[in-house]
Amino acid sequence: MSPPADGPGFPRFPDGFLFGAATAAYQIEGAHDEDGRTPSVWDTYCREPGRVADGATGDVACDHYHRYREDVVLLRDLGVDTYRFSIAWPRVQPDGTGPGNPKGLDFYDRLTDELLAAGIAPAATLYHWDLPQTLEDRGGWRVRETAGRFADYTRILADRLGDRIGRWITLNEPFCSSFAGYGSGSHAPGAREGRGALAAAHHLLVGHGLAVRVLREAGAPDVGITLNPDVLLPATDSDADRDAVRRAQTVHNDVFLDPLLAGHYPEHERETWGGLADGSYRRDGDLELIGAPLDFVGINYYRPITVSDVPFRDPDPATRTAVDIRAEESWCDGVRRTTMGWPVVPGAFTDLLTGLRRRYPGLPPLLITENGSAEDDRADGDGQIRDADRVAYLRDHLAALADAMEQGVDVRGYYVWSLLDNFEWARGYSKRFGIVRVDYDTLERTPKDSYRWYRDLITDHRDRTPAQEQPHR
Ligand code: FCB
């Protein structure tokens, strides 16, 4: 165990370790119909009654599209080495096919230059869930063709930005794009189809493989994917709950990690999905494509999950996916929960990382591409947000990360989620993850205590890093 996490300088990370902050396009940009941008599946989903809390949309969000300069100043003053943002596919290729949209591309061009001028290395996510609606209308991720479209879109970006962006993340959390988007329907496009979700998971991985190929051809030096593998524990010792964990493990983790890192499809897919896992959406050569070597794997971690066996909620066999295994977040009684209802268990973060290393001997270096907490922030009389709970969350999770690194896990950097309060998907604006507060009436940005704490941690780390060893970011 590491010593208690007191001051900002704790814990000590190795020289060259990268500190960053993360956001995603639909959650912050706004300008939903400007300069040629077309609707994404999330624009459509937000307009369907009852889908998103308070009927919220990303139409304006944080208005980052117009205020990106101000946001880059916040990043510069924070002192981060790197900034992870995502590129909105319907902004740069509005039809989801064909040529790029010059005005959309110009925006990411300006943002990239602004970041570089501030000494911040851009890390671009190509797909953070905002599929052009035009492609959804043609089947979305259920159909293989979308993977090919994704490769074309990637080529447009590699051509335009590849000279200045070194780090590329193909997909963010394909678990959510497939099982939440096409299985439980809790994310856009809101479908509830067992087979559709399985096909989507596979086609997303094919799209990833094709995008990696395009980026390699373009000479990109640092290419990876971001996943959200889970630490899963049975709610009780019963055989039924243990079996449920194995099925949940297949859905949450193995379906992505095994093809990407071990060259095979998940072992328990028949047990998990029965006849739905017929593999009819697979082609010869897919595993080689999906399993091409990566420079890093991005890990998003927030909380552990407890799994219990519950009867399938939907009797229709077509929707009998393992998403019907209820993933209750009741890790253990007595731990604090964030306003998402998520239990705060930093030790599970260490377990996740050491477990990945054990299970996948060829695991590439890791980047923590998201970690953070939604809290009930309130401004004090002086307008300051003293978000002590978020500071404690970040401190304890960084300590847990350092523990994993001491145990031999190769982690190269950490991105806090999120720079700004933003549109939290189906929860709308009701959940605040930012280290900077956004007033949604005035769009004014106010750094919180957590912003200052993180800035001091970065400064302290840099002061201890000999100048001649400053990292290539
Ligand atoms: C992750 C998403 C990110 C954000 C956090 C809280 O699943 O990748 O966009 O919403 O959760």
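Here, every reference points to the structure presented above.
What follows is about unusual backbone geometry. Cis peptide bonds are those with omega within 30 degrees of zero, and the linkage from A188 to P189 qualifies with 5°. Note on placement: P189 falls in the loop between α8 (174-184) and α9 (194-217). Omega for the peptide link from W417 to S418 comes to 10°, which places this bond in the cis form. Within the fold, S418 resides in the loop between β11 (411-417) and β12 (436-438). Positive phi, close to 85°, is recorded for W129, a residue that is not glycine.

Summarising burial for strand β1 (residues 18-22): five of the five residues are buried, a large majority. Of the two faces of β1, both are covered, the one formed by L18, G20 and A22 as well as the one formed by F19 and A21. Looking at chain direction, β1 and β11 are connected through five bridges and run parallel. Among the inter-strand pairings, F19 is bridged to a residue of β11, identified as Y414. By the bridge criterion, three bridges tie β1 to strand β2 (residues 82-86) in an arrangement that is parallel. If you follow A22 over to β2, its bridge partner there is R84.

Within the secondary structure, G100 is located in the loop between α4 (89-92) and α5 (102-117). Taking the relative accessible area as the measure of exposure, G100 reaches 26% and is therefore partly exposed. Taking the C-alpha atoms as reference points, G100 and G275, 175 residues apart in sequence, are found 40 Å from one another. Excluding anything up to four places from it in sequence, G100 contacts V92, L105 and I156.

What follows deals with the site of the ligand. Taken together, Q27, H128, W129, N172, E173, N300, Y302, E370, W417, E424, W425 and F433 make up all the residues around the ligand. E424 places a side-chain nitrogen or oxygen 2.7 Å from an oxygen atom of the ligand. Take W425: an N or O atom from its side chain is 2.9 Å from an oxygen atom of the ligand. Here the ligand has 300 Å² of accessible area as a free molecule, and 94% of this is covered by the chains. For the shell around the ligand, the class distribution of residues is five nonpolar, four polar and three charged.

Procedures and definitions
- Residues numbered from 1 in each chain as written.
- Predicted model: local features only at pLDDT ≥ 70, side-chain atom pairs only at ≥ 80, totals over all residues.
- Heavy atoms only, no water.
- Helix = DSSP H or I, 4+ residues; strand = E, 2+ residues; numbered from the N terminus.
- Buried < 20%, exposed > 50% of the residue type's maximum accessible area, 1.4 Å probe, protein only.
- Pairing = 2+ DSSP bridges.
- Contact = heavy atoms within 4.5 Å.
- Near = heavy atom within 4 Å.
- Polar contact = N/O pair within 3.5 Å; in protein donor to acceptor, adjacent residues only side chain to side chain.
- Areas by Shrake-Rupley, 256 points an atom, 1.4 Å probe, with all protein chains shown as cover.
- Nonpolar A, V, L, I, M, F, W, Y, C, P; charged D, E, K, R; others polar.

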